[in-house]
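# Working through the structure, step by step
Residue-level listing of the chains:
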Number of protein chains: 2
Amino acid sequence: MSTIEIKDKLLSKNDQNALANRNLFDRHGVWCVNLISAPGSGKTSLIESTADHLSGRLNLGVLVGDLETENDANRIAAHGVPVRQIITGGACHLNARTVGDFLVHFDLERLDALIIENVGNLVCPASYYLGEHDRVSLISTPEGDDKPLKYPAMFRNASVLLINKIDLVPYVNCSVDTMVRNAMTVNPKLKIFKMSCTTNEGIPEWCGWLEEQLKK
Amino acid sequence: MSTIEIKDKLLSKNDQNALANRNLFDRHGVWCVNLISAPGSGKTSLIESTADHLSGRLNLGVLVGDLETENDANRIAAHGVPVRQIITGGACHLNARTVGDFLVHFDLERLDALIIENVGNLVCPASYYLGEHDRVSLISTPEGDDKPLKYPAMFRNASVLLINKIDLVPYVNCSVDTMVRNAMTVNPKLKIFKMSCTTNEGIPEWCGWLEEQLKK
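Structure report, in brief. Note that this is a predicted model, so its numbers are computed, not measured.

### Some details on the side chain of asparagine 121 of chain B
- Within the secondary structure, asparagine 121 of chain B is located in the loop between strand E4 (113-117) and strand E5 (134-140).
- Here the side chain of asparagine 121 of chain B touches cysteine 92 of chain B through a polar contact of 3.2 Å, landing on its backbone oxygen.
- Within the local environment of asparagine 121 of chain B, its side chain forms a polar contact with the backbone nitrogen of valine 123 of chain B, the two atoms lying 2.8 Å apart.
- In this view, asparagine 121 of chain B contacts Asn121, Val123 and Cys124 of chain A together with Ile36, Ser37, Ala38, Pro39, Cys92 and Met154 of chain B; residues no more than four positions away in its chain are not counted.

Laid out in structure tokens, this is it:
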């Protein structure tokens, strides 16, 4: 019983910090996306393609979470967007407090949108609201079409599902139709985009959706 | 300070349970492997190929951990090995206590080896010893060659690294040589097998290694 109470307290503290982040975003007119996926699904590649496509159209910022290394931040910085890296030092997810601490490194008044690249993990990040306007789950075809049923929390609380690496479908054991059906079983409200960061298929549609959100 | 103390207590309780599991394995002559990977790297496919290859050569049992669904257990059971599924109901890793609770469902005296398929997660399972003789990390080429540097804990404490889906190398942005070099940087003692559950390449070598362990 005491364990449950402590957990509730921790979660609500995180939610308090998340709401503070959200207020900050809204005050500065920044649309925030929390991008979540397993390791290697293509989060960094997606952000690189997104930065290229939106260059000159809107001002994007990126906050990257990783257990170790600044590799992802270096890759993204090469595309001309402001980027900061959080090294979690072993923690399996980002929390709202840490995100809040790093927001001071951005000139929010100059940003239109901020993408937070969460730690590569299809389990733990689902439990931590960071203050985002939209949670975007990314999954790649080599991971298999059963994943939405096996990791439902990651899809239940997302507004968008990006199905990446569709160029690999001929070579892997994955039906995109089944993946879509499984995802919709978990969350019928999901907006779904099929894409490939290699061929650029689906990138304009995803970026178009992001631009639409900024008008809200 | 109190947080650190509580964490230490929890970890050592898990280790106590893990040692109890290990004693049970040793008493019955069962070699236990803790198989860890990201979601969709191919843990279940690997176990299916392993069960087929070792059929008639040794008696294998499988304990599967998943957040939801019994899909994996059903796939593995079709290969004629005893299998039990732990539904973690959201927990991001297996712990030694839960594994111990499920061992009563196996006739350990008839088993030579037990593979524990952990929850698909490249972060949290690294912190929980289950009583295994060997920790085996599995990574697939579509995940990218940088993953050992970004998720080092999962490679640091493993004795074996299986690089899966090498048949996809022509289609993905991954150098197997770089992946091997990055893994060896984290853990120079790793025994590495390159494999594909689709073409069966590397499966005999991996199974040969497993059979060697049983003679120890």
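Don't stop here, the text continues.
### Brief notes about the pattern of salt bridges
- Enumeration over the complete set of coordinates arrives at 18 salt bridges over all chains.
- Its salt-bridge partner being arginine 135 of chain A, residue glutamate 132 of chain A comes within 3.2 Å of it at the nearest N-O pair. When sorted by exposure, glutamate 132 of chain A lands in the same class as arginine 135 of chain A, which is buried.
- Salt bridges sharing partners connect three or more residues here, namely Asp66 and Asp72 of chain A together with Lys150 of chain B.

### Side note on the relation of the copies chain A and chain B
- When chain A is fitted to chain B, the best match, at an RMSD of 0.0 Å, comes from turning it 180° and sliding it 0.0 Å along the axis. Here the two chains are linked by the operation of a two-fold rotation axis.
- Interface overlap between copies: 100% of the residues of chain A at the interface are likewise at the interface in chain B, consistent with a symmetric, same-surface contact.

### Considering the interface of chain A and chain B
- At the interface, 29 residues of chain A touch 29 residues of chain B.
- Taking both sides of the interface into account, the surface hidden between chain A and chain B amounts to around 2300 Å²; carbon and sulfur atoms contribute 63%.
- Considering only the side of chain A, the residues that lose the most area to chain B are Pro39, Lys150 and Tyr171 of chain A, jointly responsible for 24% of the buried surface there.
- If you look at where chain A meets chain B, you find 4 salt bridges.

### Some words on the environment of glycine 40 of chain B
- In this structure, glycine 40 of chain B sits in the loop between strand E1 (31-37) and helix H2 (43-54).
- Sequence separation between glycine 40 of chain B and serine 140 of chain B is 100 residues, and the spatial gap between their C-alpha atoms is 8.4 Å.
- What glycine 40 of chain B contacts, discounting residues up to four positions off in sequence, is Pro142, Glu143 and Lys147 of chain A together with Ser140 and Lys165 of chain B.

### Some thoughts on the state of the cysteines
- Evaluation of the coordinates by the stated rule reveals 0 disulfides over all chains.
- Note on cysteine 197 of chain A: no disulfide assigned, nearest cysteine sulfur contributed by cysteine 207 of chain A at a separation of 9.7 Å.
- Among the cysteines around cysteine 124 of chain B, which has no disulfide bond, cysteine 124 of chain A carries the closest sulfur, lying 3.4 Å off.
- The exposure class assigned to cysteine 124 of chain B is buried, which follows from its relative accessible area of 8%.

The rules we used
- Residues numbered from 1 in each chain as written.
- Chains lettered and ligands numbered in written order.
- Predicted model: local features only at pLDDT ≥ 70, side-chain atom pairs only at ≥ 80, totals over all residues.
- Heavy atoms only, no water.
- Helix = DSSP H or I, 4+ residues; strand = E, 2+ residues; numbered from the N terminus.
- Polar contact = N/O pair within 3.5 Å; in protein donor to acceptor, adjacent residues only side chain to side chain.
- Contact = heavy atoms within 4.5 Å.
- Salt bridge = Lys/Arg side-chain N within 4 Å of Asp/Glu carboxyl O.
- Buried < 20%, exposed > 50% of the residue type's maximum accessible area, 1.4 Å probe, protein only.
- Least-squares fit on C-alpha atoms with pLDDT ≥ 70 in both.
- Buried area = accessible area lost by both parts, 1.4 Å probe.
- Disulfide = S-S within 2.5 Å.

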